[in-house]
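The chain contents come next:
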Amino acid sequence: MGCTLFAAVSGSSTATTATVGKITTGELSRRGYDSNLSIGSLAGAGSLGLLIPPSIVMIIYGILAEVSISRLFAAGILPGLLVAAVYSTYIMIRAGLDPSKSPRGAERYSLRDRLYGVVNLLPVFFLVIIVLGSIYSGIATPSEAAAVGVAGAVLVTLALRQLTLEIFLESLKGALRTSCMVCSILIAAAFLSTAMGYLGIPRNLAEAITGMNLSPIALILILSLFYVMLGLFLDGISIIVMSLPITLPLVTMAGFDPVWFGVYLVLMTELAQVTPPIGFNLFVIQGLTGHPIGKVALAAFPFFLLMCLSVVIITIFPEIALWLPEVLFG
(Lines give C-alpha, C1' and ligand atoms only; values in the text may rest on other atoms or scores of the structure.)
Protein backbone atom coordinates (compact mmCIF):
# COMPACT_ATOMS: atom_id res chain seq x y z
CA MET A 1 0.00 0.00 0.00
CA GLY A 2 2.91 2.32 0.71
CA CYS A 3 4.41 1.70 -2.73
CA THR A 4 1.00 2.20 -4.36
CA LEU A 5 0.55 5.55 -2.65
CA PHE A 6 4.06 6.78 -3.37
CA ALA A 7 3.78 5.63 -7.01
CA ALA A 8 0.94 8.13 -7.43
CA VAL A 9 3.43 10.88 -6.59
CA SER A 10 6.77 9.80 -8.09
CA GLY A 11 6.03 8.27 -11.52
CA SER A 12 9.25 6.24 -11.23
CA SER A 13 9.75 2.59 -10.30
CA THR A 14 13.31 3.16 -9.08
CA ALA A 15 12.33 6.15 -6.92
CA THR A 16 9.40 4.23 -5.40
CA THR A 17 11.56 1.21 -4.57
CA ALA A 18 14.40 3.31 -3.16
CA THR A 19 12.23 5.61 -1.04
CA VAL A 20 9.87 3.01 0.42
CA GLY A 21 12.70 0.51 0.78
CA LYS A 22 14.88 2.95 2.70
CA ILE A 23 12.06 3.37 5.21
CA THR A 24 10.88 -0.23 5.53
CA THR A 25 13.67 -2.78 4.92
CA GLY A 26 15.56 -2.14 8.15
CA GLU A 27 12.38 -1.89 10.22
CA LEU A 28 10.93 -5.12 8.84
CA SER A 29 14.21 -6.92 9.52
CA ARG A 30 14.33 -5.55 13.08
CA ARG A 31 10.80 -6.82 13.75
CA GLY A 32 11.62 -10.34 12.55
CA TYR A 33 9.76 -10.43 9.23
CA ASP A 34 10.80 -13.04 6.66
CA SER A 35 13.51 -11.41 4.53
CA ASN A 36 12.45 -13.10 1.28
CA LEU A 37 8.85 -11.93 1.67
CA SER A 38 9.98 -8.42 2.64
CA ILE A 39 12.41 -7.79 -0.22
CA GLY A 40 10.29 -9.70 -2.73
CA SER A 41 7.21 -7.62 -1.99
CA LEU A 42 9.29 -4.44 -2.23
CA ALA A 43 10.72 -5.48 -5.61
CA GLY A 44 7.27 -6.24 -6.99
CA ALA A 45 5.32 -3.34 -5.50
CA GLY A 46 8.11 -0.85 -6.26
CA SER A 47 7.51 -1.43 -9.97
CA LEU A 48 4.02 0.07 -9.58
CA GLY A 49 5.72 3.45 -10.05
CA LEU A 50 5.58 2.74 -13.78
CA LEU A 51 1.88 1.88 -13.93
CA ILE A 52 0.04 4.11 -11.48
CA PRO A 53 -0.11 7.66 -12.86
CA PRO A 54 1.68 9.97 -13.18
CA SER A 55 4.03 7.57 -14.98
CA ILE A 56 7.16 8.57 -16.91
CA VAL A 57 6.96 5.44 -19.07
CA MET A 58 3.33 6.15 -19.98
CA ILE A 59 4.27 9.66 -21.09
CA ILE A 60 6.98 8.25 -23.36
CA TYR A 61 4.59 5.65 -24.78
CA GLY A 62 1.92 8.29 -25.35
CA ILE A 63 4.36 10.52 -27.25
CA LEU A 64 5.70 7.71 -29.42
CA ALA A 65 2.31 6.08 -30.08
CA GLU A 66 0.48 9.43 -30.42
CA VAL A 67 -2.05 8.34 -27.78
CA SER A 68 -3.72 10.66 -25.28
CA ILE A 69 -1.59 10.69 -22.13
CA SER A 70 -4.61 11.64 -20.04
CA ARG A 71 -6.41 8.51 -21.24
CA LEU A 72 -3.31 6.41 -20.51
CA PHE A 73 -3.12 7.81 -16.98
CA ALA A 74 -6.77 6.97 -16.41
CA ALA A 75 -6.29 3.51 -17.88
CA GLY A 76 -3.43 2.73 -15.50
CA ILE A 77 -5.32 3.32 -12.25
CA LEU A 78 -7.49 0.18 -12.04
CA PRO A 79 -4.79 -2.21 -13.35
CA GLY A 80 -2.38 -0.68 -10.82
CA LEU A 81 -4.84 -1.28 -8.01
CA LEU A 82 -5.42 -4.80 -9.36
CA VAL A 83 -1.71 -5.61 -9.18
CA ALA A 84 -1.52 -4.15 -5.67
CA ALA A 85 -4.51 -6.28 -4.62
CA VAL A 86 -2.97 -9.44 -6.13
CA TYR A 87 0.28 -8.80 -4.25
CA SER A 88 -1.55 -8.07 -0.99
CA THR A 89 -3.68 -11.20 -1.30
CA TYR A 90 -0.59 -13.33 -1.87
CA ILE A 91 1.13 -11.83 1.19
CA MET A 92 -1.94 -12.45 3.35
CA ILE A 93 -2.14 -16.07 2.19
CA ARG A 94 1.58 -16.65 2.85
CA ALA A 95 1.33 -15.03 6.29
CA GLY A 96 -1.82 -17.01 7.10
CA LEU A 97 -0.18 -20.32 6.20
CA ASP A 98 3.00 -19.45 8.12
CA PRO A 99 2.48 -16.74 10.78
CA SER A 100 6.23 -16.64 11.52
CA LYS A 101 6.74 -14.79 8.23
CA SER A 102 4.91 -11.74 9.62
CA PRO A 103 5.27 -11.78 13.42
CA ARG A 104 2.93 -9.69 15.49
CA GLY A 105 4.82 -6.70 16.88
CA ALA A 106 5.02 -5.88 20.57
CA GLU A 107 3.86 -2.30 19.97
CA ARG A 108 0.22 -1.41 20.38
CA TYR A 109 -1.23 1.69 18.77
CA SER A 110 -4.26 3.57 19.93
CA LEU A 111 -6.85 5.09 17.63
CA ARG A 112 -5.28 8.48 18.30
CA ASP A 113 -1.87 7.18 17.13
CA ARG A 114 -3.40 5.81 13.95
CA LEU A 115 -5.23 9.05 13.19
CA TYR A 116 -2.01 10.98 13.76
CA GLY A 117 -0.28 8.70 11.27
CA VAL A 118 -2.99 9.43 8.69
CA VAL A 119 -2.54 13.17 9.28
CA ASN A 120 1.16 12.78 8.47
CA LEU A 121 0.14 11.37 5.07
CA LEU A 122 -1.96 14.40 4.16
CA PRO A 123 0.87 16.13 2.21
CA VAL A 124 1.17 13.04 -0.01
CA PHE A 125 -2.60 12.95 -0.60
CA PHE A 126 -2.46 16.67 -1.37
CA LEU A 127 0.14 16.13 -4.13
CA VAL A 128 -1.79 13.20 -5.61
CA ILE A 129 -5.02 15.20 -5.70
CA ILE A 130 -3.59 18.35 -7.28
CA VAL A 131 -1.57 16.47 -9.92
CA LEU A 132 -4.15 13.92 -11.03
CA GLY A 133 -7.09 16.23 -10.33
CA SER A 134 -5.70 18.95 -12.59
CA ILE A 135 -5.34 16.39 -15.41
CA TYR A 136 -8.70 14.64 -15.13
CA SER A 137 -10.61 17.88 -14.61
CA GLY A 138 -9.12 19.31 -17.80
CA ILE A 139 -7.51 22.24 -15.99
CA ALA A 140 -4.00 21.17 -17.00
CA THR A 141 -2.32 18.95 -19.56
CA PRO A 142 0.08 16.26 -18.26
CA SER A 143 3.04 18.59 -18.93
CA GLU A 144 1.35 21.44 -17.08
CA ALA A 145 0.36 19.06 -14.27
CA ALA A 146 4.06 18.34 -13.76
CA ALA A 147 4.57 22.03 -13.02
CA VAL A 148 1.56 21.94 -10.70
CA GLY A 149 3.15 19.01 -8.87
CA VAL A 150 6.47 20.84 -8.51
CA ALA A 151 4.73 23.92 -7.14
CA GLY A 152 2.75 21.75 -4.72
CA ALA A 153 5.90 19.95 -3.54
CA VAL A 154 7.66 23.28 -2.92
CA LEU A 155 4.67 24.55 -0.93
CA VAL A 156 4.58 21.35 1.15
CA THR A 157 8.30 21.45 1.95
CA LEU A 158 8.02 25.14 2.83
CA ALA A 159 5.07 24.48 5.12
CA LEU A 160 6.95 21.64 6.82
CA ARG A 161 10.11 23.78 7.01
CA GLN A 162 12.15 21.15 5.18
CA LEU A 163 13.21 23.16 2.14
CA THR A 164 16.90 24.05 2.07
CA LEU A 165 19.11 25.44 -0.68
CA GLU A 166 21.01 22.14 -0.85
CA ILE A 167 17.83 20.08 -1.33
CA PHE A 168 16.51 22.54 -3.91
CA LEU A 169 19.74 22.41 -5.97
CA GLU A 170 19.90 18.60 -5.79
CA SER A 171 16.30 18.44 -7.03
CA LEU A 172 17.15 20.69 -9.98
CA LYS A 173 20.20 18.59 -10.86
CA GLY A 174 18.17 15.37 -10.70
CA ALA A 175 15.44 16.82 -12.91
CA LEU A 176 18.02 18.05 -15.42
CA ARG A 177 19.75 14.68 -15.66
CA THR A 178 16.44 12.82 -16.09
CA SER A 179 15.12 15.28 -18.70
CA CYS A 180 18.32 15.11 -20.76
CA MET A 181 18.27 11.31 -20.66
CA VAL A 182 14.62 11.07 -21.72
CA CYS A 183 14.99 13.68 -24.48
CA SER A 184 18.06 11.88 -25.85
CA ILE A 185 16.15 8.61 -25.92
CA LEU A 186 13.17 10.22 -27.67
CA ILE A 187 15.43 11.79 -30.33
CA ALA A 188 17.06 8.41 -30.94
CA ALA A 189 13.64 6.76 -31.04
CA ALA A 190 12.42 9.21 -33.69
CA PHE A 191 15.51 8.51 -35.79
CA LEU A 192 15.13 4.74 -35.32
CA SER A 193 11.44 4.85 -36.21
CA THR A 194 12.11 6.84 -39.40
CA ALA A 195 14.98 4.58 -40.44
CA MET A 196 12.93 1.45 -39.85
CA GLY A 197 10.09 2.98 -41.84
CA TYR A 198 12.35 3.61 -44.84
CA LEU A 199 13.74 0.08 -44.60
CA GLY A 200 10.21 -1.34 -44.44
CA ILE A 201 10.97 -3.48 -41.37
CA PRO A 202 7.69 -2.85 -39.51
CA ARG A 203 5.66 -3.44 -42.66
CA ASN A 204 7.52 -6.64 -43.60
CA LEU A 205 7.34 -7.98 -40.06
CA ALA A 206 3.65 -7.15 -39.84
CA GLU A 207 3.02 -8.91 -43.13
CA ALA A 208 5.00 -11.96 -41.97
CA ILE A 209 3.08 -12.27 -38.72
CA THR A 210 -0.20 -11.52 -40.47
CA GLY A 211 0.59 -14.33 -42.88
CA MET A 212 0.85 -16.69 -39.91
CA ASN A 213 -2.88 -16.12 -39.29
CA LEU A 214 -2.37 -15.82 -35.54
CA SER A 215 -5.34 -15.22 -33.35
CA PRO A 216 -5.22 -12.04 -31.22
CA ILE A 217 -4.54 -14.09 -28.08
CA ALA A 218 -1.73 -16.02 -29.80
CA LEU A 219 -0.22 -12.70 -30.92
CA ILE A 220 -0.26 -11.35 -27.36
CA LEU A 221 1.27 -14.59 -26.09
CA ILE A 222 4.15 -14.31 -28.57
CA LEU A 223 4.66 -10.64 -27.74
CA SER A 224 4.67 -11.46 -24.02
CA LEU A 225 7.48 -13.98 -24.49
CA PHE A 226 9.27 -11.46 -26.68
CA TYR A 227 9.06 -8.74 -24.00
CA VAL A 228 10.12 -11.08 -21.20
CA MET A 229 13.25 -11.91 -23.21
CA LEU A 230 13.94 -8.20 -23.83
CA GLY A 231 13.47 -7.54 -20.12
CA LEU A 232 16.45 -9.77 -19.34
CA PHE A 233 18.78 -7.35 -21.10
CA LEU A 234 17.09 -3.91 -21.42
CA ASP A 235 15.46 -1.37 -19.14
CA GLY A 236 11.80 -0.42 -19.54
CA ILE A 237 12.25 2.80 -21.55
CA SER A 238 14.64 1.12 -24.00
CA ILE A 239 12.20 -1.76 -24.46
CA ILE A 240 9.39 0.61 -25.44
CA VAL A 241 11.55 2.75 -27.69
CA MET A 242 13.08 -0.16 -29.61
CA SER A 243 10.00 -2.34 -29.95
CA LEU A 244 7.08 0.05 -30.39
CA PRO A 245 7.61 0.82 -34.13
CA ILE A 246 7.27 -2.92 -34.77
CA THR A 247 4.68 -4.07 -32.25
CA LEU A 248 2.16 -1.21 -32.30
CA PRO A 249 1.10 -1.75 -35.95
CA LEU A 250 0.71 -5.47 -35.22
CA VAL A 251 -1.59 -5.06 -32.25
CA THR A 252 -3.71 -2.37 -33.90
CA MET A 253 -4.13 -4.60 -36.96
CA ALA A 254 -5.22 -7.38 -34.59
CA GLY A 255 -7.93 -5.09 -33.18
CA PHE A 256 -6.42 -4.16 -29.82
CA ASP A 257 -6.98 -0.69 -28.41
CA PRO A 258 -3.74 1.39 -28.32
CA VAL A 259 -4.65 2.63 -24.83
CA TRP A 260 -5.03 -0.94 -23.59
CA PHE A 261 -1.77 -1.89 -25.28
CA GLY A 262 -0.06 0.96 -23.46
CA VAL A 263 -1.14 -0.51 -20.10
CA TYR A 264 -0.08 -3.98 -21.24
CA LEU A 265 3.30 -2.68 -22.37
CA VAL A 266 3.88 -0.89 -19.06
CA LEU A 267 3.12 -4.15 -17.22
CA MET A 268 5.69 -5.92 -19.39
CA THR A 269 8.28 -3.23 -18.63
CA GLU A 270 7.48 -3.69 -14.93
CA LEU A 271 8.46 -7.33 -15.36
CA ALA A 272 11.81 -6.09 -16.68
CA GLN A 273 12.35 -4.25 -13.39
CA VAL A 274 12.49 -7.54 -11.45
CA THR A 275 14.31 -9.84 -13.89
CA PRO A 276 18.07 -10.30 -13.63
CA PRO A 277 20.64 -9.37 -14.76
CA ILE A 278 19.41 -5.82 -15.60
CA GLY A 279 16.40 -5.43 -13.27
CA PHE A 280 16.82 -1.97 -11.74
CA ASN A 281 14.64 -2.72 -8.71
CA LEU A 282 16.84 -5.69 -7.84
CA PHE A 283 19.97 -3.54 -7.77
CA VAL A 284 18.23 -0.87 -5.68
CA ILE A 285 17.20 -3.49 -3.10
CA GLN A 286 20.66 -5.05 -3.15
CA GLY A 287 22.11 -1.64 -2.31
CA LEU A 288 19.62 -1.15 0.52
CA THR A 289 19.94 -4.57 2.12
CA GLY A 290 23.38 -5.87 1.14
CA HIS A 291 21.91 -9.23 0.05
CA PRO A 292 23.43 -10.94 -3.04
CA ILE A 293 21.61 -10.16 -6.26
CA GLY A 294 20.74 -13.86 -6.66
CA LYS A 295 18.91 -13.91 -3.32
CA VAL A 296 17.02 -10.73 -4.23
CA ALA A 297 16.02 -12.12 -7.64
CA LEU A 298 14.84 -15.38 -6.09
CA ALA A 299 12.77 -13.49 -3.50
CA ALA A 300 11.20 -11.39 -6.27
CA PHE A 301 10.32 -14.40 -8.46
CA PRO A 302 6.87 -15.09 -6.90
CA PHE A 303 5.94 -11.46 -7.53
CA PHE A 304 7.17 -11.81 -11.12
CA LEU A 305 4.69 -14.67 -11.53
CA LEU A 306 1.93 -12.60 -9.90
CA MET A 307 2.63 -9.79 -12.37
CA CYS A 308 2.28 -12.33 -15.19
CA LEU A 309 -1.07 -13.36 -13.70
CA SER A 310 -2.15 -9.69 -13.74
CA VAL A 311 -1.22 -9.46 -17.43
CA VAL A 312 -3.41 -12.50 -18.12
CA ILE A 313 -6.31 -10.93 -16.22
CA ILE A 314 -6.25 -7.60 -18.09
CA THR A 315 -5.89 -9.48 -21.39
CA ILE A 316 -8.99 -11.55 -20.67
CA PHE A 317 -10.84 -8.55 -19.23
CA PRO A 318 -9.57 -5.47 -21.12
CA GLU A 319 -12.41 -3.42 -19.60
CA ILE A 320 -10.31 -3.17 -16.43
CA ALA A 321 -8.04 -0.77 -18.30
CA LEU A 322 -10.57 0.80 -20.70
CA TRP A 323 -13.57 1.45 -18.45
CA LEU A 324 -12.26 4.48 -16.55
CA PRO A 325 -11.00 6.37 -19.66
CA GLU A 326 -14.40 5.86 -21.27
CA VAL A 327 -16.17 7.18 -18.17
CA LEU A 328 -13.92 10.23 -17.86
CA PHE A 329 -13.40 11.15 -21.51
CA GLY A 330 -16.11 9.35 -23.48
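Residues numbered from 1 in each chain as written. Predicted model: local features only at pLDDT ≥ 70, side-chain atom pairs only at ≥ 80, totals over all residues. Heavy atoms only, no water.

Attention now goes to the overall build of the chain. Scanning the chain from terminus to terminus reveals 16 helices and 0 strands. Taken against the 2.2 N^0.38 rule, which gives 20 Å for 330 residues, the C-alpha radius of gyration of the chain at 21 Å falls within 12% of a compact globule. Counting over 330 residues, the chain shows a buried share of 40%. The contacts in the chain between residues at least 6 apart in sequence include a share of 77% that link residues at least 24 apart. Taken as a whole, the chain presents about 17100 Å² of accessible surface, with 71% of it coming from carbon and sulfur. Taking the 15 positively charged and 15 negatively charged side chains of the chain as two groups, their mean positions are separated by 12 Å. (Helix = DSSP H or I, 4+ residues; strand = E, 2+ residues; numbered from the N terminus. Rg over C-alpha atoms; globule rule 2.2 N^0.38 Å. Buried < 20%, exposed > 50% of the residue type's maximum accessible area, 1.4 Å probe, protein only. Contact = heavy atoms within 4.5 Å. Areas by Shrake-Rupley, 256 points an atom, 1.4 Å probe, with all protein chains shown as cover. Lys, Arg positive; Asp, Glu negative; His and termini not counted. Charge placed at Lys NZ, Arg CZ, Asp CG, Glu CD.)

Enumeration according to the criterion identifies 5 salt bridges in this entry. Ionic pairing is found between Glu 27 and Arg 30, a salt bridge with its closest N-O pair at 2.5 Å. Taken together, the positions of Glu 27 and Arg 30, both in helix H2 (residues 13-30) and 3 residues apart, correspond to about one turn of that helix. For Glu 27, a relative accessible area of 30% translates into the label partly exposed. (Salt bridge = Lys/Arg side-chain N within 4 Å of Asp/Glu carboxyl O.)

On to the packing of aromatic side chains. Within this structure, the stated rule accounts for 9 aromatic pairs. When the centroid spacing of 6.4 Å and the interplanar angle of 70 degrees are considered together, the rings of Tyr 227 and Tyr 264 count as edge-to-face. With a gap of 37 residues between them, Tyr 227 in helix H11 (residues 216-231) and Tyr 264 in helix H13 (residues 258-272) connect regions that are remote in the sequence. There is no split in this pair, since Tyr 227 and Tyr 264 are both buried. One aromatic cluster is present, formed by Tyr 61, Phe 226, Tyr 227, Phe 256, Trp 260, Phe 261 and Tyr 264 through successive ring pairs. (Phe/Tyr/Trp six-rings, centres within 6.5 Å; stacked < 30°, edge-to-face > 60°.)

With that settled, the discussion passes to the side chain of Ser 134. Note that Ser 134 resides in helix H7 (residues 122-136). Among the polar contacts listed, one links the side chain of Ser 134 to the backbone oxygen of Ile 130, at a separation of 2.9 Å. Apart from the residues within four sequence positions on either side, Ser 134 is in contact with Ile 129, Ile 139, Ala 140, Ala 145 and Val 148. (Polar contact = N/O pair within 3.5 Å; in protein donor to acceptor, adjacent residues only side chain to side chain.)

Let us now look at the packing of helix H5 (residues 69-97) against helix H16 (residues 319-329). Between H5 and H16, whose axes approach to 7 Å, the crossing angle comes to 135 degrees. Viewed along their axes, H5 and H16 adopt a mutual orientation that is oblique. For the element pair H5 and H16, the recorded crossing hand is right-handed. Contact with H5, carried on its side by Ser 70, Arg 71, Ala 74, Ala 75, Ile 77, Leu 78, Pro 79 and Leu 82, involves Ile 320, Ala 321, Trp 323, Leu 324, Pro 325, Glu 326, Leu 328 and Phe 329 of H16 and no other residues of that element. Of the residues in the contact of H5 with H16, the class split is 13 nonpolar, 1 polar and 2 charged. (Axes fitted to C-alpha atoms, helices over the stretch in contact; angles between N-to-C directions. Parallel < 35°, antiparallel > 145°, perpendicular 65-115°, else oblique. Left-handed = near helix turned anticlockwise from the far one by under 90°. Nonpolar A, V, L, I, M, F, W, Y, C, P; charged D, E, K, R; others polar.)

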